[in-house]
Amino acid sequence: MQDWIIYDKKEIKDRQLFLQFHGETDSLTANGKLRIIALFTYADQKRYFPMDAVCHGRDGHMAFEVERTITLSDVFFEFQKQEEEQVSFILIYCDANGKWQTLSKEEFFLADLFVKKQKKTGFWKRNFKKLQYVCYTLLLPIWIIDGFLAVKGIKKSRYIDEEIKGKKGIFYHAHGLVKAHTGYGYSIREIKTSYFKKCYEKQCRKVKKTQGILFLSERSLEKGGNLDRVRKAIEQTSVRTESFIDTRPIRKLPFDAIKRAAFLAAFLAAEAKVIVLEDFYPQLHVLTIRKDTKVVQLWHACGAFKMFGLSEVDKIPHLTQDTRNHRNYSLVPVSSRQMVPFYSEAFGITPQKVYPVGVPRTDVFFNKAYQQKVTEELYEKYPALQNKKVILFAPTFRGSGKTRAFYPKDRFVIDRLMESLTSDTVLLVKQHPFVRQQLECSEKYRSRVFDFTGKENINDLLFITSLLITDYSSSIFEAALLKIPMLFYVFDLKEYEKQRDIYFDFSTFVPGKQVQTMDELADQAQWILEQKEKDDHTDQKLQAFCSYFLGALDGNSTKRTVDLILDLEKMPNS
């Protein structure tokens, strides 16, 4: 049976596209879910716009329904109308095998619909908004009571999600409500970010010529990470470089520090020909980046597994279609050609800006001398690991954010695992940095169990690992490069998939056995360690996994990435 759809409603009003359609497919889709992509194309620009479908199984087929409103003027970032009069529109989806399928015929819309209306804010309108803000502030006790009712679940709030409770939830609700009506709010972060924007605009007027490369980060510089490797390589050239790395988020900086930091960072950003990031940098996305400055995003992840960025637009409070987050990137290196559409979707940028040149930090996995050096250093530091079979347990966290992250320690019983393993096997526990609880074991096994949470780089530990036990952690990509056997302890797979959307069908694509109980885990772990013959099925799955997700990685990712950045830096100023 071929895929088919029927439009129940399709109309455009006030630059908004209202879509309602249903259909069927017999293709495998991720976790019984179907993510339909509205692909818009104009000249050399493309935008992958995600839409979730409501699905129902029917006689081996999947019936689906979609209802979505797309604001056309938010589809392309800073849309510039050219000679072409029309924008192409087509519906596609990616099946569980990672293949793109076409769902509808190509249609065309007038390009004028995608041009953002210019908002004119005259003197009287601006002052009316300010007066309105003062009035709303005088009525703040009412909005606080309204927020109290929202966090108690008595009324719904579009300004907070279900997990935000207490005083924080009340404040978020009051702030969101006031800002929605007046354009002003009480967020310290927004106030400080606005100040950063003013500093940047002021410096752009002063600095007439862009030059050099600025490395910008709000997280500590990880040794061997993407930013670290690229910066060191570029510093070996004659190109001028600057760095502004402050691990304190802008909302936590005192005003005297924000004044110094904003002035310095804004000056460096205004002067830079290329700005290089390695993660989300919120201050940068409020700016209208000057034409001669290019922004490079060395995203820390390898491959694409759990959804991120604009793939979750309208699913997360405050992440709406008109967001500027991520959309001003000029270049994003990724780990394979197949990852291009997913990063294009997640960052809201055209695929031409996503380059499958590799991930710089993975070069060490192809460097035998480096691996040998790290291995010797680890054995010297931890002699109890030498000549042992090493199991690395590295799960991801449950919950959300740093404050609510946890791992259900009652589900991983160290004693049950260790009793099934031979005495020449040791266990390294490496929990996610967000998780604070420790896993416990009896005195009997403490000499063979080591807690490395918060210690050592997980990539370094992989060099001495005989078996990786994990769940939904992205460490599987690095382990795959080293061809380390993997065992997936997924006792809560269905619950996790409900809470956290992923791009692919987990049970289909992961390169290893999956278990759901401690008894299965213990038995399979010992079997894998004792395995004498090669598991051809698992090996084929691993090869297919590496080819799809990691095909551009070969030990030369840093060089290719640096070459692209240097090419941007050499571009003449307009």
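Note: the structure precedes this text.
Let me begin by describing the structure that accompanies this report.

Cut-offs and rules
- Residues numbered from 1 in each chain as written.
- Predicted model: local features only at pLDDT ≥ 70, side-chain atom pairs only at ≥ 80, totals over all residues.
- Heavy atoms only, no water.
- Helix = DSSP H or I, 4+ residues; strand = E, 2+ residues; numbered from the N terminus.
- Rg over C-alpha atoms; globule rule 2.2 N^0.38 Å.
- Buried < 20%, exposed > 50% of the residue type's maximum accessible area, 1.4 Å probe, protein only.
- Contact = heavy atoms within 4.5 Å.
- Areas by Shrake-Rupley, 256 points an atom, 1.4 Å probe, with all protein chains shown as cover.
- Salt bridge = Lys/Arg side-chain N within 4 Å of Asp/Glu carboxyl O.
- Axes fitted to C-alpha atoms, helices over the stretch in contact; angles between N-to-C directions.
- Parallel < 35°, antiparallel > 145°, perpendicular 65-115°, else oblique.
- Left-handed = near helix turned anticlockwise from the far one by under 90°.
- Nonpolar A, V, L, I, M, F, W, Y, C, P; charged D, E, K, R; others polar.
- Patch = residues over 30% accessible without salt bridge, like charges linked within 9 Å, V, L, I, M, F, W, Y side chains within 5 Å.
- Pairing = 2+ DSSP bridges.
- Expected span 1.5 Å × (residues − 1).
- Arc of directions from axis to C-beta.
- Phe/Tyr/Trp six-rings, centres within 6.5 Å; stacked < 30°, edge-to-face > 60°.
- Lys NZ or Arg CZ within 6 Å of the ring centre and 35° of its normal.

The number of helices and strands found in the protein chain is 17 helices and 21 strands. Rg of the C-alpha trace for the protein chain: 26 Å, near the compact-globule value of 25 Å for 574 residues, within the 12% margin. Referenced to the eigenvectors of the C-alpha coordinate spread, the extents of the protein chain come out at roughly 80 × 65 × 55 Å. Each of the 574 residues in the protein chain was classed as buried or not, and the buried ones make up 52%. Partitioning the intrachain contacts of the protein chain with sequence separation of at least 6 by distance along the chain shows that 70% fall at a separation of at least 24. Counting every atom, the protein chain has about 28800 Å² of accessible surface; 52% of that belongs to carbon and sulfur.

A few words on the pattern of salt bridges. Counted under the stated rule, the structure contains 26 salt bridges. Notably, a salt bridge pairs Lys 116 with Asp 74, separated by 2.4 Å at the nearest N-O pair. Of this pair, Lys 116 sits in the loop between strand E9 (107-110) and helix H1 (123-138) while Asp 74 sits in the loop between strand E6 (61-71) and strand E7 (86-94), and the two are 42 residues apart along the sequence. With a relative accessible area of 43%, Lys 116 lands in the partly exposed category. In this structure, Asp 554 and Arg 560 form a salt bridge, with 2.9 Å as the shortest nitrogen-oxygen distance. The exposure class assigned to Asp 554 is partly exposed, which follows from its relative accessible area of 37%.

Put simply, helix H2 (residues 140-151) and helix H3 (residues 166-182) touch, their axes get as near as 8 Å, and they point 125° apart. With respect to each other, H2 and H3 are oriented oblique. In the packing of H2 onto H3, the handedness of the crossing is right-handed. Between H2 and H3, the contacting residues are Leu 140, Trp 143, Ile 144, Asp 146, Gly 147, Phe 148, Ala 150 and Val 151 on the first element and Gly 166, Gly 169, Ile 170, His 173, Ala 174, Leu 177 and Val 178 on the second. In terms of residue class, the contact of H2 with H3 is made up of ten nonpolar, four polar and one charged.

A cluster of nonpolar residues, Val 134, Leu 138, Leu 139 and Ile 142, forms a patch on the protein surface that exposes about 380 Å² of accessible area. Structurally, Leu 138 can be placed in helix H1.

Taking every second residue as pointing to the same face, the buried face of E9 carries Glu 107 and Phe 109, while none of Phe 108 and Leu 110 on the other face is buried. Two strands pair when backbone bridges link them, and E7 and E9 are joined in this way by four bridges, in the antiparallel orientation. Opposite Ser 88, over in E9, you have Phe 108 as the bridge partner.

Moving on, we get to helix H4 (residues 188-206). Taking 1.5 Å of rise per residue, the 19 residues of H4 would be expected to cover 27 Å, and the 28 Å separating its terminal C-alpha atoms lies within 8% of that figure. Turning to H4, its buried residues number three or more, namely Lys 192, Thr 193, Phe 196, Cys 199, Tyr 200, Gln 203 and Cys 204. Angularly, the buried residues of H4 cover 135° about the axis, an arc narrow enough to put them on a single face. Summarising the geometry of H4, the exposed residues directed more than 90 degrees from the buried face are Lys 198 and Arg 205.

This part is about the sheet that holds strand E16 (residues 389-393). Pairing in this open sheet of six strands is parallel, and the strands run E18-E17-E16-E19-E20-E21 from one edge to the other. Sheet topology places strand E18 (449-451) and strand E21 (513-515) at the edges, where each strand pairs with a single neighbour. On average, each strand axis in the sheet is tilted by 20° relative to the strand beside it, whichever way the strands run. Judged from the five bridges that link them, E16 and strand E17 (residues 425-429) form a sheet pairing that is parallel.

What follows covers unusual backbone geometry. Even without a glycine there, the phi angle at Asn 387 is positive, about 60°. Position of Asn 387 among the secondary structure elements: in the loop between helix H8 (368-381) and E16. The exposed category is assigned to Asn 387, whose relative accessible area is 72%. At Glu 456, a position not held by glycine, the phi torsion is positive, near 60°. Turning to its location among the elements, Glu 456 is positioned in the loop between E18 and helix H11 (458-462).

A two-sided burial pattern is seen for strand E12 (residues 274-277), the buried positions comprising Val 274 and Val 276 on one face and Ile 275 and Leu 277 on the other. Pairing between strand E10 (residues 213-217) and E12: three bridges, direction parallel. In the sheet register, Phe 215 faces E12, and the bridge partner there is Val 276.

Moving on, we come to H3. For H3, with 17 residues, the first-to-last C-alpha span of 25 Å sits near the 24 Å given by 1.5 Å per residue. Residues Gly 169, Ile 170, His 173, Ala 174, His 175, Gly 176, Leu 177, Val 178 and Thr 182 constitute the buried set of H3. Packing partners of the buried residues in H3 comprise H1, H2 and H4.

Positionally, Pro 383 belongs in the loop between H8 and E16. When the C-alpha atoms of Pro 383 and Val 151 are compared, they prove to be 52 Å apart, with 232 residues separating the residues in sequence.

Next up on the list: the packing of helix H5 (residues 226-235) against helix H17 (residues 557-570). It is the contact of H5 with H17, at a shortest axis distance of 10 Å, that shows an interaxial angle of 60°. The handedness of the crossing between H5 and H17 is right-handed. Across the interface between the two elements, Arg 229, Val 230, Ala 233 and Ile 234 of H5 pack against Thr 558, Thr 561, Val 562, Ile 565 and Leu 566 of H17. In terms of residue class, the contact of H5 with H17 is built from six nonpolar, two polar and one charged.

In space, the four strands of this open sheet follow the order E11-E10-E12-E13, with parallel pairing throughout. Each of the sheet's edge strands pairs with one partner strand only, and the pair in question is strand E11 (241-245) and strand E13 (294-297). Taking each pair of neighbouring strands and ignoring which way they run, the sheet shows an average axis angle of 20°. Looking at chain direction, E12 and E13 are connected through four bridges and run parallel. Bridge assignment links Val 276 to a residue of E13, and that residue is Val 296. H5 contacts E10, E11 and E12 of the sheet and is inclined by roughly 160° relative to E10.

Bringing the environment of Asn 325 into the picture now. Its location among the elements puts Asn 325 in the loop between E13 and strand E14 (332-333). Taking C-alpha positions, Asn 325 is 31 Å from Thr 470, a pair spaced 145 residues apart along the chain.

Within this structure, the stated rule accounts for 48 aromatic pairs. Between Tyr 133 and Tyr 186, the ring centres sit 5.6 Å apart and the planes meet at 35°, which makes this aromatic pair tilted. Residue Tyr 133 is found in helix H1, and its partner Tyr 186 is found in the loop between H3 and H4; the two are separated by 53 residues along the sequence. The class for Tyr 186 is buried, based on a relative accessible area of 18%. Arranged with centres 5.2 Å apart and planes meeting at 65°, the rings of Phe 308 and Tyr 343 form a pair that is edge-to-face. With Phe 308 in the loop between E13 and E14 and Tyr 343 in helix H7 (residues 340-347), this residue pair connects regions lying 35 residues apart in the sequence. By the burial criterion, Phe 308 is buried, and Tyr 343 matches it. If you follow Lys 9 out to its NZ or CZ, it ends over the ring of Phe 18, 5.4 Å from the centre. Looking at Lys 10, its charged tip hangs above the ring of Tyr 7, at a distance of 4.2 Å from the centre.

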